[in-house]
Amino acid sequence: MASLDFSVRNGSILINSYQPSDEIIEFFKTNFFHTFDGTPIEISLLNFLEKKNNFNQLADDYDIEFSFSDDFLDFISDIPEYPGNQQIIPLTREEIDKKLTKAGFIRKPTENQYRNIQKICAMQSAASFSVPGAGKTTEALAFYAVNRKEHNPKLLVVCPINAFISWEEEIKKCFKSMHDIQRLRGSPEDITEIISRDHEAMIINYDALRNPKKYSSIKNFILKYQSSLTVIFDESHKIKGEKISEIIKPISPFIKYKMILTGTPMPQAASDLRSQFQFLYPAETVYDDNDFIDLFEPIFVRTTKDELGLKYPTIKFNYIPLKPSNAFHSFYQEHLIAKLDRGIDLE
């Protein structure tokens, strides 16, 4: 029986077949433009995920046997799995409090935040679409605290530069011992050097990821701490652009715990949700942009203005008549009133 062996090397998938059948040879030519030459074929994790259904079809059609190494199974199991129709059972408040206390989280969540934290912490990947002022940052930091690993825990926040100060302030209010979040700024060499200092929490802006060398440093960091890293995208609607979404797409499968935060997840159209959903669940294949609205339903939380008790201010108009200047009065009389009196259409 023909077979395929799957393993992992440096974040890539290695596939080998010692006696490839004609069907296997044709499959790899068609799907990956590769030919077996006695050595394993190496493909990216993202490419493998995009073609996973094709592999399943190959096995079913031609009775191909698959063999998986332990590191491959561990590697794949870390990729967040979309819950689909499975009911998400929120953690209890007691479970949340126990985990938050253990992580040194000292801020007391509000009732709305507790409700949201209980749900998002029941998943590896989640979204908070609450309105401004609802405390999305606190919820995200609680998500990190609940999933925080004892050995080499890491937090990476990606956000606009103008949100850096807010994160720096909030992290001090939320954690007893973690008093700063290190900014990843400067040259690519500077960023690589800062990462090497082994800070627990770091923050970088979206534009920095467009720089190939800076992106490479971040990718290596993600690969190194894959099992203990949480990544949070703040103002996540900013990754909807084609260029930035293509940059983020290849690294998303390597991130085990992740959240997106935005009060405006869909500024213009349902297509705005594609890159955000693909970051959270890169193993899912979605063809119709309109499906993302339903797909987000089980994985997001939201606190509304009404739940916060926010009300629009009462606006009172006070009309104060003003006498026009002589020049304006003359212009008004000569060019508007006089023409109307003569029956001339002003258009």
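Residues numbered from 1 in each chain as written. Predicted model: local features only at pLDDT ≥ 70, side-chain atom pairs only at ≥ 80, totals over all residues. Heavy atoms only, no water.

Engineer: I keep staring at the overall build of the protein chain and nothing clicks. Help me out?
Structural biologist: Regarding its fold elements, the protein chain presents 15 helices and eleven strands. A globule of 347 residues ought to have a C-alpha radius of gyration of about 20 Å, yet the protein chain, at 27 Å, is considerably larger. Along the first, second and third principal axes, the C-alpha atoms of the protein chain reach 95 × 55 × 45 Å. Across the 347 residues in the protein chain, those meeting the buried criterion constitute 46%. Long-range pairs, those at least 24 residues apart, make up 69% of the contacts in the protein chain between residues at least 6 apart in sequence. Taken as two groups, the 41 positive and 49 negative side-chain charges of the protein chain have centres that lie 10 Å from each other. (Helix = DSSP H or I, 4+ residues; strand = E, 2+ residues; numbered from the N terminus. Rg over C-alpha atoms; globule rule 2.2 N^0.38 Å. Buried < 20%, exposed > 50% of the residue type's maximum accessible area, 1.4 Å probe, protein only. Contact = heavy atoms within 4.5 Å. Lys, Arg positive; Asp, Glu negative; His and termini not counted. Charge placed at Lys NZ, Arg CZ, Asp CG, Glu CD.)

Engineer: I keep staring at the sheet that holds strand β7 (residues 182-183) and nothing clicks. Help me out?
Structural biologist: Strand pairing in a sheet relies on backbone hydrogen bonds. The paired strands run either parallel or antiparallel. Read from one edge to the other, the open sheet built from seven strands follows the order β7-β8-β6-β9-β10-β5-β11, with strand pairing classed as parallel. Two strands lie at the open edges of the sheet, namely β7 and β11 (300-301), each paired on one side alone. In this sheet, β11 lies alongside strand β5 (residues 125-128) in parallel orientation, the contact comprising two bridges. Of the residues in β11, the one forming a bridge with A127 is F300. Against the sheet, helix α8 (residues 164-174) contacts β6 (154-158), β7, β8 (201-204), β9 (229-234) and β10 (257-261), and its axis sits at roughly 165° relative to β8. (Pairing = 2+ DSSP bridges. Axes fitted to C-alpha atoms, helices over the stretch in contact; angles between N-to-C directions.)

Engineer: Looking at this model, I keep getting lost on the packing of aromatic side chains. Mind explaining?
Structural biologist: The relative placement of two aromatic rings is captured by the distance of their centres and the angle of their planes. One pass over the structure, following the stated rule, counts 30 aromatic pairs. Between F27 and F32 the ring centres are 6.2 Å apart and the planes differ by 65°, which places this aromatic pair in the edge-to-face class. The same class applies to F27 and to F32, which are both buried. Between Y82 and F277, the ring centres sit 5.5 Å apart and the planes meet at 65°, which makes this aromatic pair edge-to-face. Of this pair, Y82 sits in the loop between α4 (70-77) and α5 (93-102) while F277 is found in helix α12 (residues 274-280), placing the two residues 195 residues apart along the sequence. Taken together, the ring pairs connect F6, F27, F28, F32, F48, F55, F66, F68 and F72 into an aromatic cluster. (Phe/Tyr/Trp six-rings, centres within 6.5 Å; stacked < 30°, edge-to-face > 60°.)

Engineer: Mind showing me how you'd approach empty space enclosed by the protein here?
Structural biologist: Once rolled over the atoms, a probe with the size of a water molecule shows which space is left empty. Taken as a whole and assessed by the stated rule, the structure comprises one cavity of 30 Å³ or more. Empty space within the largest cavity amounts to approximately 50 Å³. Along its surface, the largest cavity is lined by L156, V158, L209, I218, I222, V231, F233, I251 and I255. If you list the elements that add at least two residues to the lining of the largest cavity, you get β6, α10 (212-224) and β9. Tallied by class, the residues present in the lining of the largest cavity amount to nine nonpolar, no polar and no charged. (1 Å grid on protein atoms, 1.4 Å probe; cavity = no way out; pocket = protein on both sides within 12 Å on 5 of 7 lines; lining within 4 Å. Points joined across faces, edges and corners; volume = space filled by probe spheres on them. Nonpolar A, V, L, I, M, F, W, Y, C, P; charged D, E, K, R; others polar.)

Engineer: What is the right way to read the pairing of strand β3 (residues 41-44) from this model?
Structural biologist: Looking along a regular strand, one sees the side chains alternate between the two faces of the sheet. Alternating residues of β3 divide into I41 and I43, all buried, and E42 and S44, none buried. Pairing of strand β2 (residues 12-16) with β3 involves four bridges; the strand directions are antiparallel. Residue pairing in the sheet places I15 in a bridge with I41 of β3.

Engineer: Would you take a moment to explain the pairing of β8 for this structure?
Structural biologist: Covered by surrounding structure in β8 are A201 and I203 together with M202 and I204, the residues of both alternating faces. Where β6 meets β8, four bridges bridge the pair, whose relative direction is parallel. Along β8, the bridge assignment pairs L156 with M202. Across two bridges, β7 lies against β8 in parallel orientation. Bridge pairing in β8 places Q182 opposite M202. Each parallel crossover has a hand, and for β7 linked through helix α9 (residues 188-196) to β8 it is right-handed. (Right-handed = clockwise from strand over helix to strand, strands pointing away.)

Engineer: Help me out: how do you make sense of a nonpolar patch on the surface in this one?
Structural biologist: On the surface, I315, F317 and Y319 cluster together into a nonpolar patch covering about 460 Å² of accessible area. Relative to the elements of secondary structure, I315 occurs in the loop between α14 (305-308) and α15 (326-341). Looking at I315, the relative accessible area reads 60%, which means it is exposed. (Patch = residues over 30% accessible without salt bridge, like charges linked within 9 Å, V, L, I, M, F, W, Y side chains within 5 Å. Areas by Shrake-Rupley, 256 points an atom, 1.4 Å probe, with all protein chains shown as cover. Salt bridge = Lys/Arg side-chain N within 4 Å of Asp/Glu carboxyl O.)

Engineer: Sorry, what's going on with the nonpolar core here?
Structural biologist: Generally speaking, soluble globular proteins have nonpolar side chains that are buried together. Core analysis: the largest hydrophobic core is formed by 100 residues, its most contacted members being L4, I13, F28, L156, W167 and F296. Residue contributions to this core peak at seven residues, all from helix α7 (residues 136-147). The residues contacting F296, other than those within four sequence positions of it, are A127, F129, I260, L273, Q276, F277 and L280. (Core = buried A, V, L, I, M, F, W, Y, C linked by side-chain atoms within 4.5 Å.)

Engineer: Looking at this model, I keep getting lost on the confidence of the model for the protein chain. Mind explaining?
Structural biologist: Should pLDDT be low for a region, the predicted coordinates there are not to be read in detail. Model confidence for the protein chain is summarised by a mean pLDDT of 91, while 98% of its residues fall at 70 or above. Averaged pLDDT values over the elements of the protein chain bottom out at 79 in α15 and peak at 98 in β8. (pLDDT = per-residue confidence, 0-100.)

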